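Tertiary structure, described
Listed below are the residues making up each chain.
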Amino acid sequence: MISFSSRWVKVCFGAITFGAVSELVYFTYRKYKRRKWQTNQNESESRKVTEEVLFFPDDRVACKDYFVGEDGCNNNDCRFTHFPNSLSRLYEFINGAKGRLDVCVFVICCIDLADLLIAAHKRHVLVRVISDGEQTEITGSQIWNLRKAGIAVRTNKSSFLMHHKFVVIDDQLLLNGSFNWTRQAISGNQENLMALGNKRIVSLYTNEFERLWNAFDPQKNG
Ligand SMILES: [Zn+2]
């Protein structure tokens, strides 16, 4: 009798242990599957984030009208290229702005790029420009044209350079690199421009733009 009940205790204990282990294995398996699914989701989301690099110089200057003009290019003798290149991609990025364009670039002399800022301003995108104070005085600077069009431009008064070359588009896309907005940078110099949609990186640059925008407020600094 004693050995019978002892056997039953063993059987019951074994069954309970087996049940507990099964549950544990099942939960561990579900947890693993869920984590793997989340990792896959994160990876597929990060794959959608823009990550591009544009290298300059381009062989030829891209035709702004052809790539982003409302009516395309109607010039049969157009001297600009209609083949996609780094500048045409930059046109597309800037022209794609829906609500906000924060431009923080050392030198802005390229008429086509300045025209895209003015066009964005006209379609009610909030365009703000920070540039280097001394560079606004150089031949070909488009800063005065931007101001004439009603775009707010702020510059540093310090003898140190405002040497950034970055743009934040709609708080979602960062363009950053060595690229100044000059003809020489487009078709002469070795330059790079990264386009990044990484939220954390973009927000760091948005913060830097706001910091400089406040620091260069002419009302604060006379
Ligand atoms: Zn053309």
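The next subject is helix α7 (residues 199–215). With 17 residues, α7 should cover 24 Å at 1.5 Å per step; its first-to-last C-alpha distance of 24 Å lies within 8% of that length. Those residues of α7 that fall on the buried side of the exposure criterion are Val202, Thr206, Phe209, Leu212 and Trp213. Buried residues of α7, viewed axially, fall in a sector of 130 degrees; they line one side. Those residues of α7 that are exposed and angled more than 90 degrees off the buried face are Arg200 and Asn207.

Summarising the element assignment, asparagine 156 is placed in the loop between β4 (152–155) and β5 (165–169). Note on asparagine 156: relative accessible area 6%, which makes it buried. Here glycine 133 takes part through its backbone nitrogen, which lies 2.7 Å from a polar atom of the side chain of asparagine 156. Ignoring anything within four residues of it in the chain, the contact list for asparagine 156 reads Ser131, Asp132, Gly133, Leu161, Met162 and Phe216.

Let us now look at helix α4 (residues 111–122). The end-to-end C-alpha separation of α4 is 16 Å, in line with the 16 Å expected for 12 residues at 1.5 Å each. For α4, the complete set of buried residues consists of Asp112, Leu113, Ala114, Leu116, Leu117, Ile118 and Ala120. After α4 finishes, the residue histidine 124 shows a positive phi value of roughly 70 degrees.

A separate point is the coordination of the zinc ion. With distances of 2.1 to 2.3 Å, the protein atoms coordinating the zinc ion are Cys63 (SG), Cys73 (SG), Cys78 (SG) and His82 (NE2). Around the zinc ion, the four donor atoms are arranged such that angles at the metal cover 107 to 113 degrees; this shape is classified as tetrahedral. Each donor residue of the zinc ion lies on one chain, and together they are spaced C-x9-C-x4-C-x3-H. Separated by 19 residues along the polypeptide, cysteine 63 in the loop between β1 (51–56) and α2 (64–68) and histidine 82 in the loop between α2 and α3 (86–95) bring together distant segments of the chain. Here cysteine 63 falls in the buried class, since its relative accessible area comes to 3%.

Ordered in space as β1-β7-β6-β5-β2-β3-β4, the seven strands form an open sheet in which the pairing is mixed. The sheet is open, and its two edges are formed by β1 and β4, each paired on a single side. Here the average twist between neighbouring strands, direction ignored, is 15 degrees. Inspection of the sheet shows strand β2 (residues 100–105) paired to β5 by five bridges, in the antiparallel sense. Paired with leucine 101 across the bridge in β5 is isoleucine 169. Strand contacts of α7: β2, β3 (126–131), β4, β5, β6 (173–177) and β7 (191–196), with the helix running at about 70 degrees to β3, the strand carrying the most contacts.

Here is what the cut-offs are and how they apply
- Residues numbered from 1 in each chain as written.
- Predicted model: local features only at pLDDT ≥ 70, side-chain atom pairs only at ≥ 80, totals over all residues.
- Heavy atoms only, no water.
- Helix = DSSP H or I, 4+ residues; strand = E, 2+ residues; numbered from the N terminus.
- Expected span 1.5 Å × (residues − 1).
- Buried < 20%, exposed > 50% of the residue type's maximum accessible area, 1.4 Å probe, protein only.
- Arc of directions from axis to C-beta.
- Polar contact = N/O pair within 3.5 Å; in protein donor to acceptor, adjacent residues only side chain to side chain.
- Contact = heavy atoms within 4.5 Å.
- Donors = N, O, S within 2.8 Å, 3.2 Å for Na, K, Ca; no water.
- Tetrahedral: all angles 85-135°; square planar, octahedral: opposite > 155°, others 65-115°.
- Pairing = 2+ DSSP bridges.
- Axes fitted to C-alpha atoms, helices over the stretch in contact; angles between N-to-C directions.

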